[in-house]
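A closer look at the structure
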Amino acid sequence: MAITQAMATSFKVEILDGIHNFGTGVIRASTAADVFKIALYTSSATLSASTTAYTTTDEVSSSGTNYTAGGKTLTISQVPTSSSTTAYLDFDDITWDSATITANGALIYNSSQSNKAVAVLAFGGDKTSTAGNFTIQFPAAAASTAILRIA
Amino acid sequence: MSFEGGLELGTVKVFTTDSRGFTPDEMADRAVDRLLRIDNRSELKRVLAQYFKEAQESERMNLRRILIENGFMNAIEHLGD
């Protein structure tokens, strides 16, 4: 027999499922998944781990065409699951078509929870589409690559 | 005693085009990364269908652009979204 200190893998999945609530003031009126969105930002934006919520400041909507403020709703293609001891989830790729956009990064946020920030994505430079497709491809849904993981 | 772990963020890729949709080669490039890691039939079918749908949309975008450039504005309404 042996005891191995660990965070339960099932707990990691359940965190992503919103099962556990250590805080106060969280009200869940529905058992459905929250709505997560992704918004695009220009290089003028200041986004980091300190970002707490979606903002329109320096969003590409003011300069882009076929881009609406707030961005697009993400489709959860892999609900929270686990492999080995890592919990993860995945989103479908997202495309703005016939769009003229220059973006330097993006913000994933929870529009069901007061637009609270989830993750900041840095593209590593300006990415531009001109009357064409602007596509964000999410990494493969696996324990070592998925977009959101709890290892 | 301690143990390693933490919340991790994957890396996205951005693909863009100018005045056209994606070509079949570009679609294939995008698909490969995801398809290689899929190990069950239903997920493989779902992801493939998603890429085929995108390919259709890319071609529709190309067609819409050709119609606009040649003055067939009314025809665009029949293409749908």
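Residues numbered from 1 in each chain as written. Chains lettered and ligands numbered in written order. Predicted model: local features only at pLDDT ≥ 70, side-chain atom pairs only at ≥ 80, totals over all residues. Heavy atoms only, no water.

**Focus: the interface of chain A and chain B**
For the record, the criterion: What makes two residues a contact is simply this: any of their non-hydrogen atoms within 4.5 Å. Two parts placed together each lose some accessible area; with a 1.4 Å probe, that loss summed over both constitutes the buried area. Basic side-chain nitrogens of Lys or Arg form a salt bridge, by our definition, when they fall within 4 Å of a carboxyl oxygen of Asp or Glu. Nitrogen and oxygen atoms within 3.5 Å of one another constitute a polar contact, given that in protein one can donate a hydrogen and the other can accept it, and given that sequence-neighbouring residues count only through two side-chain atoms. Strands are runs of DSSP state E lasting at least 2 residues, helices are runs of H or I lasting at least 4, and numbering of each runs from the N terminus. Here the nonpolar group is Ala, Val, Leu, Ile, Met, Phe, Trp, Tyr, Cys and Pro; Asp, Glu, Lys and Arg are the charged ones; every other residue, Gly included, is treated as polar. Between any two strands, at least two bridges found by DSSP are needed for them to pair.
Across the contact, 38 residues belong to chain A and 33 residues belong to chain B. Roughly 2,900 Å² is buried in total at the junction of chain A and chain B, and carbon and sulfur atoms are behind 49% of that figure. Where chain A touches chain B, the interface holds five salt bridges. Residues Arg46 of chain B and Asp92 of chain A are paired through a salt bridge, measuring 3.1 Å at the closest nitrogen-oxygen approach. If you look at where chain A meets chain B, you find 24 residue pairs in polar contact (both at pLDDT 80 or more). Elements represented by at least two residues in the side of chain A that touches chain B include exactly β4 (86-91), β5 (94-110), β6 (116-137) and β7 (148-150) of chain A. The greatest single-element share of the side of chain A that touches chain B, amounting to 15 residues, is contributed by β6 of chain A. Of the residues belonging to the side of chain A that touches chain B, the class tally is 19 nonpolar, 13 polar and six charged. As judged from the four bridges shared by β6 of chain A and strand β2 (residues 13-16) of chain B, these two strands associate in the antiparallel manner. Along β2 of chain B, the bridge assignment pairs Thr135 of chain A with Phe15 of chain B.

**So, the packing of aromatic side chains**
The geometry of an aromatic ring pair is captured by the separation of the ring centres together with the interplanar angle, meaning the angle of the planes. Residue and element names in this part refer to chain A. Quick reminder of the rule: Here a Phe, Tyr or Trp ring, Trp counted by its six-membered ring, pairs with any other such ring whose centre lies within 6.5 Å, and the pair is stacked when the planes are under 30 degrees apart, edge-to-face when over 60, and tilted otherwise. Note on classification: 1.4 Å probe, protein chains only; a residue is buried when its accessible area is under 20% of the maximum for its type, exposed when over 50%, partly exposed between these limits.
Applying the stated rule across the entire model yields seven aromatic pairs over all chains. Centre to centre, the rings of Phe11 and Phe22 are 6.1 Å apart; their planes meet at 75°, and the pair counts as edge-to-face. You can see Phe11 sitting in helix α1 (residues 9-16) and its partner Phe22 sitting in the loop between α1 and β1 (36-41), a full eleven residues away along the chain. On the basis of relative accessibility, which here comes to 73%, the residue Phe22 falls in the exposed class. With 6.3 Å between their ring centres and 75° between their planes, Trp96 and Phe134 make a pair best called edge-to-face. One end of the pair, Trp96, is in strand β5; the other, Phe134, is in strand β6, and 38 residues separate them in sequence.

**As for the environment of Met61 of chain B**
Looking at the element boundaries, Met61 of chain B is found in helix α2 (residues 41-69). Accessibility expressed as a relative area gives 4% for Met61 of chain B, which makes it buried. Once you skip the residues sitting within four places of it in the chain, Met61 of chain B turns out to touch Asp97, Ser98, Ala131, Gly132 and Asn133 of chain A together with Thr17, Arg20 and Gly21 of chain B.

**So, the nonpolar core**
Applied cut-off: Throughout this description, the term nonpolar core refers to a set of buried Ala, Val, Leu, Ile, Met, Phe, Trp, Tyr and Cys residues connected via side-chain atoms within 4.5 Å.
Within the largest apolar cluster, 30 residues are counted, with the highest numbers of intra-cluster contacts made by Ile38, Leu40, Trp96, Phe123, Ile136 and Phe138 of chain A. Those elements that place two or more of their residues in this core are β1, β4, β5 and β6 of chain A. Top contributing element to this core by residue count: β5 of chain A, with nine residues. Discounting residues that sit within four places of it in the chain, Trp96 of chain A has contacts with Ile38, Leu40, Asn66, Tyr67, Gly71, Lys72, Ile101, Gly132, Asn133, Phe134 and Ile136 of chain A. Core analysis: the next-biggest nonpolar cluster, separate from the first, contains five residues, Phe22, Met27, Ala31 and Tyr51 of chain B among them.

**Considerations on the sheet that holds β4 of chain A**
The condition that has to hold: To obtain each axis, a line is fitted to C-alpha atoms, and for helices this fit is confined to the stretch in contact; angles are then taken between N-to-C directions over 0 to 180 degrees.
In spatial order, the strands read β3(A)-β4(A)-β7(A)-β1(B); together these four strands make up an open sheet with antiparallel pairing. The sheet is open, and its two edges are formed by β3 (76-83) of chain A together with β1 (7-9) of chain B, each paired on a single side. Each adjacent strand pair in this sheet contributes to an overall mean axis angle of 15°, direction not counted. Direction of pairing for β4 of chain A relative to β7 of chain A: antiparallel, over a ladder of three bridges. In the sheet register, Ala87 of chain A faces β7 of chain A, and the bridge partner there is Ile150 of chain A.

**Remarks on the packing of helix α1 (residues 24-35) of chain B against α2 of chain B**
All names here are of chain B. Our working rule: The labels follow the angle: roughly parallel below 35 degrees, roughly antiparallel above 145, roughly perpendicular from 65 to 115, and oblique for the rest. Take the far helix as your reference; a near helix turned counterclockwise from it by less than a right angle gives a left-handed crossing, and one turned clockwise gives a right-handed crossing.
Where α1 contacts α2, the two axes come as close as 11 Å, and the packing angle between them is 165°. Between α1 and α2, the angle falls in the class roughly antiparallel. For α1 against α2, the interelement crossing comes out right-handed. On the side of α1, the interface is formed by Met27, Arg30, Ala31, Arg34 and Leu35, while α2 contributes Leu44, Val47, Leu48, Tyr51, Glu54 and Ala55. Classifying every residue of the contact of α1 with α2 gives eight nonpolar, no polar and three charged.

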